[in-house]
Every structure is written in structure tokens, then in C-alpha cells.
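One-letter residues, chain by chain:
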Amino acid sequence: MTFTLPTLTDIRSPALTQALQHKIDHKTKPLGSLGRLESLALQLGEILGTDAPALIEPQLVVFAGDHGLAARGVSAFPSDVSWQMVENFLAGGAAVSVFSRLHNIALTVVDCGVNHDFLAGLPAGSQRPGLQVRKVQGGEQGTADSSVQAAMTALQCQQAIQNGMALVKALPGNALLLGEMGIGNTSAASLLLSRLAGLEIEVCTGAGTGLDAPAVQRKAAILREVLARHPDAKEPLAALGALGGFEIATMVGAVLQAAFERRVIVVDGFIASSAVLVAHALQPLVLQACVFAHRSGERGHEFMLQHLGVQALLDLGLRLGEGSGAALAWPLLLSSCAMLREMASFESAGVSEKADAQAERV
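Residues numbered from 1 in each chain as written. Predicted model: local features only at pLDDT ≥ 70, side-chain atom pairs only at ≥ 80, totals over all residues. Heavy atoms only, no water.

A. The arrangement of the overall build of the chain in detail. When helices and strands are tallied, the chain shows 15 helices and six strands. Counting only C-alpha atoms and orienting by the principal axes, one finds that the chain spans roughly 75 × 50 × 40 Å. Here the chain holds 362 residues, and 53% of them are scored as buried. For the chain, long-range pairs separated by at least 24 residues make up 77% of all intrachain contacts whose partners lie at least 6 apart in sequence. Accessible area for the chain stands at about 15100 Å²; split by element, carbon and sulfur atoms hold 53% of it. Each charge class in the chain was averaged separately, 25 positive and 32 negative side chains, and the resulting centres sit 1 Å apart. (Helix = DSSP H or I, 4+ residues; strand = E, 2+ residues; numbered from the N terminus. Buried < 20%, exposed > 50% of the residue type's maximum accessible area, 1.4 Å probe, protein only. Contact = heavy atoms within 4.5 Å. Areas by Shrake-Rupley, 256 points an atom, 1.4 Å probe, with all protein chains shown as cover. Lys, Arg positive; Asp, Glu negative; His and termini not counted. Charge placed at Lys NZ, Arg CZ, Asp CG, Glu CD.)

As C-alpha cells, then:
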């Protein structure tokens, strides 16, 4: 099986960056007065390669998968919640469903390895609207228990990454919003953060779906066991295979492909960021295409953002997942693009600039 990851190149153009900054600076406002909206506009222009960026047919994809490690009691909820929430997404009842409808974002749920057959009872070849089934061979029920063995084989990990790449290739639009669902996946994200960022597992471990303090301590102890079982899984793909989830691995492929295609990638919270963490370890330039929607209330997310050297747009104490934070941040991206395209310049509006700005051109 041939396995080739997209090779990313530096998308920045000094000439375009200069043109974007000049355009932003000469809008009818005091210099820098739109704050981080200005740097966001600059980034979006760089990703899309234009000084008049427009976001077209945004796609929010919820990657779902089950985790064998959940049997160790690392979550406050049973694994059945994974498939039940997928059904809730498809029925339009989840938070991300509501936010996606509100902001006209297309929503797709991908079964990357949920322990459930969402097509049971349907005629062969049937599909359900809004659902894609992208399971890997042997991983139909989710990953193995990583406290006993590697969560997935090297081949399964590669297949999941390729599934994510193929998925993005088939999606329209120029923006990908990341979401996820999977009971136990905060544990997988914590493990990846600990291994790839070199942090103690206690620093990386939080409440997940709502564990109390003693349960968080037990969770950290279990995760320490997992790390001890896989001491040689240090390289990004080895760590992903040993510690990660199928939804995270599929998301890694989606992120790399979206960056390669110069789509805007809107990263949700802790688990979505863990996929970017792996993608960044493989291809550091992937961050050029990533907009981090929010800083999660999950403990490890702040350390993950610090490790990547990025700043999130929102800080609302969210820890729901699903892509909910990405959908909530979406209007900020629309606003920054509209500012670039539609806001008047001092010259076009006939508005006087600050005196020293006028003097500079004399």
C-alpha cells in the first residue's frame, strides 16, 4: 500500500501580505482599531491568495469514533453515547446542528469507527443524508484498548488518514470546520499532547465529559499506564497509532489535505487541536491554514495552543466538542472578509486621515 502525505509549501507572499496590510491600514478607522479582526483578515487573505477573500460553501465535518480505552472508565459517559449523539447530529438536535443551521454551514458526520451500524436495516447501497461511513478494516467497532495494545495498527492509521484526505477532496467550498465525537477521545488527545509536547500527563488531563477531581486523578493514572506501555511510540504517526482514535487520525488526513488545497481550516477545541498537533508534527506549515476558534475549558487545551504557538479567537469556557466552537467563531471570519471587501478606504469615502498619515504622503 502506497502511503504519501501531501507536501505543504509556504503559502505566504510578501507582495500579497504587504497589499493586504496596506488595504487594512487605510480603511476608514484608526490604525489597528479592529484589533484581532485585522490579523484574522490578513491570514484569510494569505490562505486564499487574494486581497478580497470570500468564504464559499463552508463545510463542518464531525469525525466520530469509539475508543477501546473507554472500558477503563476514563469518561463519565458510556460508549453508547457516541452512536446516540451521531443520531442526534443527523436528526438536527445537537448544539452543532443548531449553530450550523443558524450560520448556513453544511454539516456532515463521518463514522470513522463508531461501534454501531448506522445503515442497518436499509437496502444495500443505501445512504443517509449528512452521513458518511469511512471505517477502516478491522476497526469497525472503534480502536483497541490502548492500555493493552496499540489503539490501531500502522496500516489502520494510514487508512484512516487517507480516508480523511479523500473526504476533503470530495467536499465543495474553501473552508473546513472541524468537529468530533467519541466517548474517551479527551483521553486520546491528552495522551498525544503528553507524548508529542513532552508534558507530564497530569498537566494534560482534564474532566472531559464531566469527571470529578478524584476521577480525573484516576484517569491520569490510567493514561500514565498507557504511555508506559508504548514507550517507543515517539514519532508522530507511531504516537497517533498507539494512542489516538480513528476520528483523530481521519481528521489528521483531512487537515493536511485541506491545507494542501489552501482551504481555511477552522479548528474547534481540544480534540480537533490534537489532530492539528499531529499534522503539525508531520508538516509544520499546516498552521498557516489554521484558524483556532476557541480556547476550550478542557485543561490540556491551553497547553496545546501554547505548544503550537497560536492564539484562539474566543474564550467562552466551552468543552462540548462537536465543532460547536468552530461554528460559533464562524461569523468572525465572515466579518473579517467583509471588512476587507466592503469597508471603504479613506480615499474612496472622502474621509480625512490622521494628520501624520497625510504628512507621510506629502
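B. Quick peek at the pattern of salt bridges. On inspection of all chains with the given rule, the structure shows 11 salt bridges. Measuring nitrogen to oxygen at the nearest pair gives 3.1 Å for the salt bridge that ties arginine 12 to aspartate 10. Taking the relative accessible area as the measure of exposure, arginine 12 reaches 51% and is therefore exposed. Residues aspartate 111 and lysine 135 are paired through a salt bridge, measuring 2.9 Å at the closest nitrogen-oxygen approach. Of the two residues, aspartate 111 is situated in strand 2 (residues 106–113) and lysine 135 in the loop between strand 3 (131–133) and helix 5 (154–169); the sequence distance between them amounts to 24 residues. The class of lysine 135 is partly exposed, set by a relative accessible area of 23%. (Salt bridge = Lys/Arg side-chain N within 4 Å of Asp/Glu carboxyl O.)

C. Layout of the state of the cysteines. All told, the structure shown has zero disulfides when counted by the stated rule. Cysteine 157 carries a free sulfur, and the closest cysteine sulfur to it, the one in cysteine 112, is 12 Å from it. Cysteine 157 sits in the buried class, given a relative accessible area of 3%. Unpaired in this structure, cysteine 290 has its nearest cysteine sulfur neighbour in cysteine 337, at a distance of 16 Å. What makes cysteine 290 buried here is its relative accessible area of 4%. (Disulfide = S-S within 2.5 Å.)

D. Highlighting the packing of helix 6 (residues 185–197) against helix 9 (residues 236–243). At their nearest, the axes of helix 6 and helix 9 sit 10 Å apart, and the two run at 150° to each other. Accordingly, the angle class assigned to the pair helix 6 and helix 9 is roughly antiparallel. Helix-helix and strand crossings are classified by hand; for helix 6 and helix 9 the assignment is right-handed. Taking contact as the criterion, the partners of Ala188, Leu191, Leu192, Arg195 and Leu196 in helix 6 are, on helix 9, Pro236, Ala239, Leu240 and Leu243. Considering only residue class, the contact of helix 6 with helix 9 consists of eight nonpolar, no polar and one charged. (Axes fitted to C-alpha atoms, helices over the stretch in contact; angles between N-to-C directions. Parallel < 35°, antiparallel > 145°, perpendicular 65-115°, else oblique. Left-handed = near helix turned anticlockwise from the far one by under 90°. Nonpolar A, V, L, I, M, F, W, Y, C, P; charged D, E, K, R; others polar.)

E. Inspection of the side chain of aspartate 268 at higher detail. You can see aspartate 268 is positioned in the loop between strand 5 (264–267) and helix 11 (270–282). For the buried residue aspartate 268, which engages in no salt bridge, the nearest side chain bearing the opposite charge is arginine 319, 13 Å off. A distance of 3.2 Å separates the side chain of aspartate 268 from the backbone nitrogen of glycine 323, its partner in a polar contact. (Polar contact = N/O pair within 3.5 Å; in protein donor to acceptor, adjacent residues only side chain to side chain.)

F. Main features of the pairing of strand 4 (residues 175–181). Counted residue by residue, strand 4 has seven buried out of seven residues, so it is predominantly covered. A two-sided burial pattern is seen for strand 4, the buried positions comprising Ala175, Leu177, Gly179 and Met181 on one face and Leu176, Leu178 and Glu180 on the other. Relative to strand 5, strand 4 runs parallel, the two sharing three bridges. Residue pairing across strands places alanine 175 opposite valine 264, the latter belonging to strand 5. (Pairing = 2+ DSSP bridges.)

G. The packing of helix 2 (residues 36–48) against helix 13 (residues 324–342), seen in detail. At their nearest, the axes of helix 2 and helix 13 sit 9 Å apart, and the two run at 80° to each other. One way to sum up the angle between helix 2 and helix 13 is to call them roughly perpendicular. Facing Leu37, Glu38, Leu40, Ala41 and Leu44 of helix 2, the residues of helix 13 in contact are Leu332, Leu333, Ser335, Ser336, Cys337, Met339 and Leu340. Split into classes, the residues belonging to the contact of helix 2 with helix 13 amount to nine nonpolar, two polar and one charged.

H. Quick look at helix 9. Most of helix 9 is tucked away: six of the eight residues are buried. What helix 9 keeps buried is the set Pro236, Ala239, Leu240, Gly241, Ala242 and Leu243.

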